[in-house]
Amino acid sequence: MTTTPSRPAVEIRDLHKSFGALEVLKGIDFEVGQGEVVCVIGPSGSGKSTLLRCVDLLEEPTAGRIWVNGVEMTDPDVEIDAVRRGIGMVFQSFNLFPHLTVLNNLTVAQRRVLRRGRAEAERIARANLERVGLSDKADAFPAQLSGGQQQRAAIARSLSMEPKLMLFDEPTSALDPELVGDVLTVMRKLAEDGMTMMVVTHEMAFARDVADRVVFMDGGVVVEQGPPQEVLGAPKHERTRAFLARVLDPTRVARLGQPDESPAPPEGPGLPTDGRHIV
Amino acid sequence: MKLRRRQRERLSLGIQYLVFVAIIAAVLVAADWGRLADAFFRVDIIESMFPTIITVALRNTILYTVGAFAFGLVFGTVLALMRLSRVAPYRWVATAYIELFRGLPALLVLFLVGYGIPIAFPEREIPGGVFGSIAIGLGLTAAAYMAETIRAGIQAVPKGQMEAARTLGMSHVTAMRTIVIPQAFRIVIPPLTNELILLTKDSSLAYVLGVTASTIEVTKFGRDMLNDRVNATPLLVAGLAYLVITLPLSQVVRRLELRYAKAR
């Protein structure tokens, strides 16, 4: 299993995914370059989380092919546990292991999967806790942390495996508004350090400021994609415009009743910044 | 006369206390305490039961219970994992076993193990003699109950736990062993305690295997003394001996639950 540096970090060709009769992904072609930060946005039910989960094979694609760092995930004989070592995944609901301390949350996979010794695993774990600003919480249990701290611990847990690619599935959607900022700051720092990231998010300000590329999905297809100032600032498609209007000015749309009558989002990269979306 | 709400409540509460006190008083007055004490509380008989009831009978009761529980726990965990297996025949076998052994009286299973296995395998002996037979005989039934409890516990661990473990590169088996099952056991501590208490009492069935002076347990000891002295005092002492086990057990488990509550 050799990694070809010239190949994209993620490569998806004609991906379909159905749950029973419901087709959630209807032919996705998509790439994430090495070192690129891609934000996937779209209304709920658009298939963006399913797309992300397919990349890590948490969902089995119905059809199509996926490569991660040159390894085909959709090969039936793929050594899935080995490939996943190189992929970090951050969930909306954190999924820290509640029966382990924060430190052990970060060391358990290092020791069981990478066979690192206790001392080395703890050294790497503490370095990553430091990175997300949780050095003082090593001996706490997850239930003793706030949501934002739990999510940062979960990010540190992924980073302890030293992945080449990080996947984020709505990492701030379960958080109280005032805790969102800490998590986004950690993610921004990670992006600045050159991590390849694929982020499903509703945080438009984060997408605008941090993403190299924004992908808008709706109804199981990629509607449009491009640099954030284009997709968020001057969307070409009506569906993108309607979605952005709903997200950025929800009360206005509710008053008008119909998305069609909603005003086009403002021109240029300067998005309205109400408190919810400021990083 | 119309009562106010608080007056009505006070009246209702007063009546409830009154009924309680009246029943206690009726029992106290009606019972023939002299005869009761004579039948159930003869100090000389109580004295003659010690220290054997502790050093032999209670010790054996605990040994049989712990043996059966340990066997049931291990076997029950295997059955639970079989029920959740992707291999269909494992699921069938586990389901059939659980349905069968939950339906059979523990007494009957104990008989079958105690007398059936020696007939089936005349060359072999059940390891541990009477102790082994009782641990297996009671454990087989207990395993069926525990399997269902443990299966429910495993399924109660959120799906995200397995997913998070797998995305860190753990295999299914490693994730099960280090992440899911430890959490499942925390969830099932209360129902498993219940099983342990039930087993404590089921250990009284050991008599069907023909226990001797050295392998006797609390109930048989009490009954033998009853026949010996033609007095029911030994039964009272035997009953108290069980409480000596089960009451502290409940306390220990309450502590455990509190400790684990932090790590939930």
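Residues numbered from 1 in each chain as written. Chains lettered and ligands numbered in written order. Predicted model: local features only at pLDDT ≥ 70, side-chain atom pairs only at ≥ 80, totals over all residues. Heavy atoms only, no water.

Visitor: Mind showing me how you'd approach the sheet that holds strand 10 (residues 221-226) of chain A here?
Guide: The strands making up a sheet associate through backbone hydrogen bonding, with each pair oriented either parallel or antiparallel. Residues and elements named next belong to chain A. Pairing is mixed in the open sheet, where 6 strands are placed in the order 6-7-8-3-9-10. Two strands close off the open sheet at either side, each with one partner strand: strand 6 (87-90) and strand 10. On average, each strand axis in the sheet is inclined to that of its neighbour by 15°, with strand direction left out of account. In terms of strand pairing, strand 3 (residues 37-41) meets strand 8 (residues 196-200) through 4 bridges, oriented parallel. What sits directly across from Cys-39, in strand 8, is Val-199. Along the sheet, helix 5 (residues 147-159) contacts strand 6 and strand 7 (165-169); its crossing angle with strand 6, the most-contacted strand, is approximately 170°. (Pairing = 2+ DSSP bridges. Helix = DSSP H or I, 4+ residues; strand = E, 2+ residues; numbered from the N terminus. Axes fitted to C-alpha atoms, helices over the stretch in contact; angles between N-to-C directions. Contact = heavy atoms within 4.5 Å.)

Visitor: Any chance you could explain the UniProt feature "domain: ABC transmembrane type-1" (unreviewed entry) in chain B here in plain terms?
Guide: Those residues carrying the UniProt feature "domain: ABC transmembrane type-1" (unreviewed entry) are residues 58-253 of chain B in this numbering. Along residues 58-253 of chain B, the helical share is 80% and the strand share 0%, with 21 Å between the first and last C-alpha atoms. (UniProt positions renumbered as here; feature names shortened; annotations may be inferred.)

Visitor: Would you explain the confidence of the model for chain A in this entry?
Guide: Close inspection of predicted coordinates is inappropriate for parts of the model with low pLDDT. Looking at chain A, pLDDT values average 89 and 88% of them are 70 or higher. Predicted confidence for residues 257-279 of chain A stays below pLDDT 50, and this span has 41 contacts to residues more than four positions away or in other chains. (pLDDT = per-residue confidence, 0-100.)

Visitor: Teacher, can you tell me more about the nonpolar core here?
Guide: Core analysis: the biggest nonpolar cluster contains 86 residues, and A:Ile12, A:Phe30 and A:Met198 have the highest contact counts within it. The leading source of residues in this core is helix 4 (residues 52-83) of chain B, at 7 residues. With near-sequence residues (within four places) excluded, A:Ile12 lies in contact with A:Ile28, A:Asp29, A:Phe30, A:Leu51, A:Val55, A:Arg65 and A:Ile66. Among the nonpolar cores identified, the runner-up in size contains 48 residues, and A:Cys39, A:Ala153, A:Met204 and A:Phe243 belong to it. (Core = buried A, V, L, I, M, F, W, Y, C linked by side-chain atoms within 4.5 Å. Buried < 20%, exposed > 50% of the residue type's maximum accessible area, 1.4 Å probe, protein only.)

Visitor: Is there a simple way to think about the UniProt feature "transmembrane region" (unreviewed entry) in chain B in this case?
Guide: Residues and elements named next belong to chain B. Look at the UniProt record and you will see "transmembrane region" (unreviewed entry) annotated at residues 12-31, 62-82, 103-121, 127-147 and 232-253. Along residues 12-31 one finds 95% helix and 0% strand; the C-alpha atoms at either end are 29 Å apart. Helix makes up 100% of residues 62-82 and strand 0%. Its end C-alpha atoms lie 30 Å apart.

Visitor: What am I meant to see in the pattern of salt bridges here?
Guide: Any two side chains of opposite charge can pair if their charged atoms end up close together. Residue and element names in this part refer to chain A. This structure, assessed with the given rule, holds 27 salt bridges over all chains. Between Arg-152 and Asp-182 there is a salt bridge, with its nearest N and O atoms 3.8 Å apart. One end of the pair, Arg-152, is in helix 5; the other, Asp-182, is in helix 6 (residues 177-192), with 30 residues separating them in the sequence. In this structure Arg-152 comes out as buried when scored by relative accessible area, which is 10%. Residue classification places Asp-182 among the partly exposed residues on the basis of a relative accessible area of 39%. One salt-bridge network, in which partners are shared between bridges, spans Arg-7, Glu-11, Arg-13, Asp-29 and Glu-31. (Salt bridge = Lys/Arg side-chain N within 4 Å of Asp/Glu carboxyl O.)

Visitor: Looking at this model, I keep getting lost on unusual backbone geometry. Mind explaining?
Guide: Both trends apply: most residues other than glycine have a negative phi, and most peptide bonds are in trans. Following B:Phe50, the chain continues to B:Pro51 via a peptide bond in cis, the omega torsion being 0°. For B:Pro51, the position within the fold is in the loop between helix 3 (43-49) and helix 4. Residue A:Leu57 is not a glycine yet carries a positive backbone phi of 60°. Checked against the element boundaries, A:Leu57 lands in the loop between helix 1 (48-55) and strand 4 (63-68). The exposure class assigned to A:Leu57 is buried, which follows from its relative accessible area of 13%. With a phi close to 55°, A:Asn95 is a non-glycine residue in the positive phi region. Take A:Asn95: it is sitting in the loop between strand 6 and helix 3 (102-112).

Visitor: What am I meant to see in the UniProt feature "domain: ABC transporter" (unreviewed entry) in chain A here?
Guide: Under the UniProt annotation, the feature "domain: ABC transporter" (unreviewed entry) is placed at residues 10-244 of chain A. Between the end C-alpha atoms of residues 10-244 of chain A the distance is 26 Å, and the span holds 37% helix and 26% strand.

Visitor: Could you clarify how one ought to interpret the interface of chain B and chain A in this entry?
Guide: Often, the extent of an interface is quoted as the loss of accessible area on bringing the components together. Tallying the contact residues gives 22 residues for chain B and 26 residues for chain A. Surface buried jointly by chain B and chain A totals about 2000 Å² across both partners, of which 62% is contributed by carbon and sulfur atoms. Inspection of the region where chain B meets chain A yields 2 salt bridges. Of the charged contacts, one joins A:Asp81 and B:Arg166 as a salt bridge, the two residues approaching to 3.1 Å between their closest N and O atoms. At the boundary of chain B with chain A, the tally comes to 6 residue pairs in polar contact (both at pLDDT 80 or more). Of all the secondary-structure elements, those providing two or more residues to the side of chain B that touches chain A are helix 8 (159-167) and helix 9 (172-187) of chain B. By residue number, the principal contributor to the side of chain B that touches chain A is helix 8 of chain B, which donates 8 residues. (Buried area = accessible area lost by both parts, 1.4 Å probe. Polar contact = N/O pair within 3.5 Å; in protein donor to acceptor, adjacent residues only side chain to side chain.)

Visitor: Would you mind showing me how to read the pairing of strand 9 (residues 213-218) of chain A here?
Guide: Along any regular strand the residues' side chains alternate between the sheet's two faces. All names here are of chain A. In terms of burial, strand 9 is a largely internal element, 6 of the 6 residues being buried. Both faces of strand 9 are covered, namely the face carrying Arg-213, Val-215 and Met-217 and the face carrying Val-214, Phe-216 and Asp-218. Two strands pair when backbone bridges link them, and strand 3 and strand 9 are joined in this way by 4 bridges, in the parallel orientation. Bridge pairing in strand 9 places Val-40 opposite Val-215.

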